[in-house]
Amino acid sequence: MTPDLRTEGCFQGNKNQVKRLQQQRSGLLRRMIKSTDSRLKPADRSAAKPKKKRDSDEPKLIERPQGSSAMFFQYNTQLGPPYHVLVDTNFVNFSIKNKLDIIKTMMDCLYAKCIPYITDCVVAELEKLGQKYKLALRIIKDPRFERLHCLHRGTYADDCLVQRVTQHKCYIVATNDKDLKRRIRKIPGVPIMNVAVNRYVIERMPDAFEPMTSKK
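Notes on the structure in this doc start here. Treat the numbers as computed from the prediction; the structure is a model and nothing was measured.

### Observations concerning the side chain of Thr119
At step 1: For Thr119, the location among the structural elements is in strand β4 (residues 114-119).
At step 2: Aside from chain neighbours lying at most four places away, what touches Thr119 is Leu86, Arg147, Leu148, Cys150, Cys160, Leu161 and Arg164.

### Overview of the environment of Gln167
At step 1: Considering the arrangement of structural elements, one finds Gln167 in helix α7 (residues 157-167).
At step 2: For Gln167, a relative accessible area of 54% gives the class exposed.
At step 3: Separated by 99 residues in sequence, Gln167 and Ser68 have C-alpha atoms that sit 8.2 Å apart.

### Considering the sheet that holds strand β3 (residues 83-87)
At step 1: Pairing is mixed across the open sheet formed by 6 strands, whose spatial order is β5-β4-β3-β6-β7-β8. Both edges of this open sheet fall to β5 (146-148) and β8 (199-202), since each of them pairs with a single strand only. In this sheet, adjacent strand axes meet at a mean angle of 35° when their direction is disregarded.

### Observations regarding the pairing of β8
On a regular strand, one side chain projects to one face of the sheet and the next to the other, so that they alternate.
At step 1: Because side chains alternate across β8, one face comprises the buried residues Tyr200 and Ile202, and the other comprises Arg199 and Val201, none of which is buried.
At step 2: Pairing between strand β7 (residues 192-196) and β8: 4 bridges, direction antiparallel. Each bridged residue has a counterpart across the sheet, and for Val195 the counterpart in β8 is Tyr200.

Procedures and definitions
Residues numbered from 1 in each chain as written. Predicted model: local features only at pLDDT ≥ 70, side-chain atom pairs only at ≥ 80, totals over all residues. Heavy atoms only, no water. Helix = DSSP H or I, 4+ residues; strand = E, 2+ residues; numbered from the N terminus. Contact = heavy atoms within 4.5 Å. Buried < 20%, exposed > 50% of the residue type's maximum accessible area, 1.4 Å probe, protein only. Pairing = 2+ DSSP bridges. Axes fitted to C-alpha atoms, helices over the stretch in contact; angles between N-to-C directions.

These values are about where atoms sit, not about what they do.
So this is what it looks like as structure tokens:
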């Protein structure tokens with residue numbers, strides 16, 4: 001009884017060992033078969049393809065918006081006399097309320113020649129406001145005001161002004177609108193002019209154009 005059980009146990013152990021070796025051999029053969037082998041099914045070919053290792057040495061591509069060529073050491077080199085001033089709707093209205101001559105007061109503020117610019121959007125906004133703003137319409141139709149034609153659809157002036165100063169850094173934005181000023185402040189190199197008590201004030205101006213103070 002005892003020898004028979006021993007031989008049976010040894011035989012079973014050998015059987016398991018052979019089965020394990022066969023599994024290992026078949027696993028090695030599967031690894032050796034290439035993905036282009038004709039014996040493989042189409043579904044198995046995709047699984048058999050080795051995964052490509054990412055090369056850590058490859059440089060990563062990062063997309064960044066291109067900076068304006070006018071911004072040299074954070075100073076806007078396109079700003080200088082004669083100054084080009086983009087005028088907003090409420091800037092004209094505040095100037096009328098404070099009884100300020102727009103061009104004369106601009107020149108008093110900047111101590112240089114100023115050319116005010118009016119876009120089609122601003123003109124359309126003033127025309128929509130009705131008869132109360134007839135004087136404002138008459139002022140902006142002065143030949144000293146340069147007209148800028150808009151190619152986009154719609155009459156929302158804020159988007160138009162933001163787009164213009166983002167593309168062209170040669171303008172000063174004249175506005176008293178809080179929302180528009182908040183948007184313009186995010187664009188580097190664009191000063192803001194607003195109406196204060198009986199005068200105009202530049203909110204932000206690059207240091208390159210500030211008057212030189214005498215050294216002691």
